[in-house]
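Results of the structural survey
Residue-level listing of the chains:
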Amino acid sequence: MSDQGVIGVGIIGFGIVGQGTYSILRDNAETIERQVGRPVRVVSVADLRTELLKEKLDPNVRASADAEALIRDPDVHIVCELIGGVNPAGRFVRMALEAGKHVVVANKELLAKQGPQLLELAEKNSADFYFEASVGGGIPIISPLRIGLAGNQIEKIIGIVNGTTNYILTRMSGEGGSLEDVLREAQALGYAESDPTNDIEGYDARYKITILASLGFHARLNVDQILCEGISGLKATDVNNARDLGYNIKLLAVAKRTPDGIEARVHPALVPLSHPIASVSGVNNAIFVTGDAVGDIMVYGPGAGGMAAGSAVVGDIVEVSRNIVSGSNGRLKTLEFRDLPVQATGDIVCRYYARMRVEDHPGVLAAIATQFGDCDVSIASMVQKTAEDGVAELVFLTHEVKERDIQEALERIRQLDDVDEICSVIRVEE
Ligand SMILES: NC(=O)c1ccc[n+]([C@@H]2O[C@H](COP(=O)([O-])OP(=O)(O)OC[C@H]3O[C@@H](n4cnc5c(N)ncnc54)[C@H](OP(=O)(O)O)[C@@H]3O)[C@@H](O)[C@H]2O)c1
């Protein structure tokens, strides 16, 4: 194939995703050229680990630690920012867009915090700005939201968007074991980072649902307004109880359109075993979207890994390259991002699972039921799990109730003399 008119790619950050992207562009060069009509090649890579670059890159690829020089390089038409974080990644992205370069990123944190501003900057400079790998790793979801589902009013997005926590929950559900033990094992296998806070506490999933809700509902969202609870407090007992009741516990990222704005939240939830999301196992991700025209769709697949995320990055590079060939960069117009209010946590309506330890006396159940009733919390079912040494463990499932009402009820129940402990409260997503 022709060597004329090479479309030059510059990669900033040669880590897991950078290396996956590089090897896909090299190994599938012919397939990619056939689809674009011109060769697409990595011409320059910048990473702080220059020794690694010397070892891994073909000799004709420029290698340095200087990301700004890569952006200024006239042979680089598409800049891939694959460092992660907001700084200096955001500075590099802005510098590239202001120089009229097209940009591809995999950076959920940057997108969640500055996405609308960066899309506006790209449009101002007639540049492309693509970010498929920022959510769902190798699963296409950004492009479906921007293109394939563009004719829909998106009503709901529910996803398992963090592979680390899904692996942990799958193991806890399958073989039992405490969160601590399973986490240690996940770290040994490379499925969890040595500092797992971002995954375990739900922050990673919150970045991702911010991006999805922003695109789905054409809204400017503040990531800090989104309710975020991770799985760090989850007990093996609750995972087992959930299964007995016909549910799996999953870390869900949820965004819904409401009459007044948007409901958005990240938290562990009981999901009925009959729902396709309940059977998503291991490090896989799945995202379930409801559009008013299409109905329900679900995308599923590997949510992380250098080759999976690299696949999404290269998909974006191919699309940008096609735009270069046809002279249509910037054709995906920036959305009209609106400032839609995010529903206050107290107004969220959900079903709940609550486990508590109480003195095994006559009248305790009636006292608890009274507090629930006084706070407008209707009980769907109650199971007594154990009764040892005069202490009983009770599990309640409620009907739909407002968050502020159940919190008020639980606070009152906690004050009852015969209630030793409210052990767990977990939302149920039907
Ligand atoms: N890993 C995945 O499965 C996955 C999936 C989807 C999306 N993503 C996203 O992809 C991005 C990259 O993730 P990753 O897992 O590939 O990270 P990574 O393995 O840590 O790679 C990042 C690389 O960037 C280098 N770097 C840091 N600052 C730099 C600078 N100023 N100039 C040049 N290079 C610099 C790092 O070098 P040092 O190590 O020396 O700092 C490292 O080699 C992140 O936004 C992440 O959220 C990752």
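Quick look at the structure, then. (Residues numbered from 1 in each chain as written. Predicted model: local features only at pLDDT ≥ 70, side-chain atom pairs only at ≥ 80, totals over all residues. Heavy atoms only, no water.)

Turning next to the overall build of the protein chain. A count of helical and extended segments in the protein chain gives 15 helices and 17 strands. Whereas a compact globule of 430 residues would reach a radius of gyration of roughly 22 Å, the protein chain reaches 24 Å, a difference of no more than 12%. With the C-alpha coordinates of the protein chain rotated into their principal frame, the extents come out at 85 × 45 × 35 Å. Here the protein chain holds 430 residues, and the buried ones make up 53% of them. Total accessible area on the protein chain is roughly 18,200 Å²; 47% of this is exposed by carbon and sulfur atoms. Positive and negative side-chain charges of the protein chain, numbering 41 and 60 respectively, have mean locations separated by a distance of 6 Å. (Helix = DSSP H or I, 4+ residues; strand = E, 2+ residues; numbered from the N terminus. Rg over C-alpha atoms; globule rule 2.2 N^0.38 Å. Buried < 20%, exposed > 50% of the residue type's maximum accessible area, 1.4 Å probe, protein only. Areas by Shrake-Rupley, 256 points an atom, 1.4 Å probe, with all protein chains shown as cover. Lys, Arg positive; Asp, Glu negative; His and termini not counted. Charge placed at Lys NZ, Arg CZ, Asp CG, Glu CD.)

Summed over the entire model, instances satisfying the criterion amount to four aromatic pairs. With 5.6 Å between their ring centres and 45° between their planes, Phe-129 and Phe-131 make a pair best called tilted. Cation over ring: Arg-146 sits above Tyr-130, and NZ or CZ is 5.7 Å from the ring centre. (Phe/Tyr/Trp six-rings, centres within 6.5 Å; stacked < 30°, edge-to-face > 60°. Lys NZ or Arg CZ within 6 Å of the ring centre and 35° of its normal.)

What follows is about the packing of helix H1 (residues 16-27) against helix H13 (residues 306-326). Relative orientation and spacing of two packed helices are given, respectively, by the angle between their axes and the distance between those axes. Direction vectors running N to C along H1 and H13 enclose 60°, while the axes themselves pass 7 Å from each other. As summarised for this structure, H1 and H13 are arranged oblique, according to the angle between their axes. Judged by the twist between their axes, the crossing of H1 over H13 is right-handed. Residues Ile-16, Val-17, Gly-20, Thr-21, Ser-23, Ile-24 and Leu-25 of H1 touch H13, and the partners they reach there are Gly-306, Met-307, Ala-309, Gly-310, Ser-311, Val-313, Val-314 and Ile-317. (Axes fitted to C-alpha atoms, helices over the stretch in contact; angles between N-to-C directions. Parallel < 35°, antiparallel > 145°, perpendicular 65-115°, else oblique. Left-handed = near helix turned anticlockwise from the far one by under 90°. Contact = heavy atoms within 4.5 Å.)

With respect to spatial proximity, 21 residues lie near the ligand, and among them Ile-16, Val-17, Asp-47, Arg-49 and Gly-305 are the closest. Between an oxygen atom of the ligand and a main-chain N or O atom of Ile-16, the distance comes to 3.0 Å. Tallied by class, residues from the shell around the ligand come to 13 nonpolar, five polar and three charged. (Near = heavy atom within 4 Å. Polar contact = N/O pair within 3.5 Å; in protein donor to acceptor, adjacent residues only side chain to side chain. Nonpolar A, V, L, I, M, F, W, Y, C, P; charged D, E, K, R; others polar.)

Enumeration over the complete set of coordinates arrives at 31 salt bridges. Across the salt bridge formed by Glu-120 and Arg-220, the nearest N and O atoms sit 3.0 Å from each other. Taken together, the positions of Glu-120 in helix H6 (residues 108-124) and Arg-220 in the loop between helix H11 (203-217) and strand S8 (227-228) put the pair 100 residues apart, joining distant regions of the chain. For Glu-120, a relative accessible area of 35% translates into the label partly exposed. Accessibility expressed as a relative area gives 30% for Arg-220, which makes it partly exposed. Asp-181 is paired through a salt bridge with Arg-184; the nearest N and O atoms lie 2.7 Å apart. Taken together, the positions of Asp-181 and Arg-184, both in helix H9 (residues 179-188) and three residues apart, correspond to about one turn of that helix. Because the salt bridges share partners, they merge into one network encompassing Asp-238, Arg-355, Arg-357 and Glu-393. (Salt bridge = Lys/Arg side-chain N within 4 Å of Asp/Glu carboxyl O.)

Moving on, we come to the nonpolar core. Side chains of a nonpolar character, in soluble globular proteins, are inclined to be buried together. Counting residues in hydrophobic clusters, the biggest one holds 79 residues, and the most contacted among them are Phe-129, Phe-131, Ile-141, Ile-168, Leu-212 and Ile-287. Broken down by element, the residue count for this core peaks at eight residues, all from H11. Core analysis: the next-biggest nonpolar cluster, separate from the first, contains 30 residues, Phe-14, Tyr-22, Ala-133 and Val-320 among them. (Core = buried A, V, L, I, M, F, W, Y, C linked by side-chain atoms within 4.5 Å.)

What follows concerns unusual backbone geometry. Here Asn-87 and Pro-88 are connected by a cis peptide whose omega angle stands at 5°. One non-glycine residue, His-218, adopts positive backbone phi at about 55°. Mapped onto the fold, His-218 is located in the loop between H11 and S8. Even without being glycine, Asp-389 reaches a positive phi, approximately 50°.

All quantities given are derived from atomic positions and should not be read as evidence of function.
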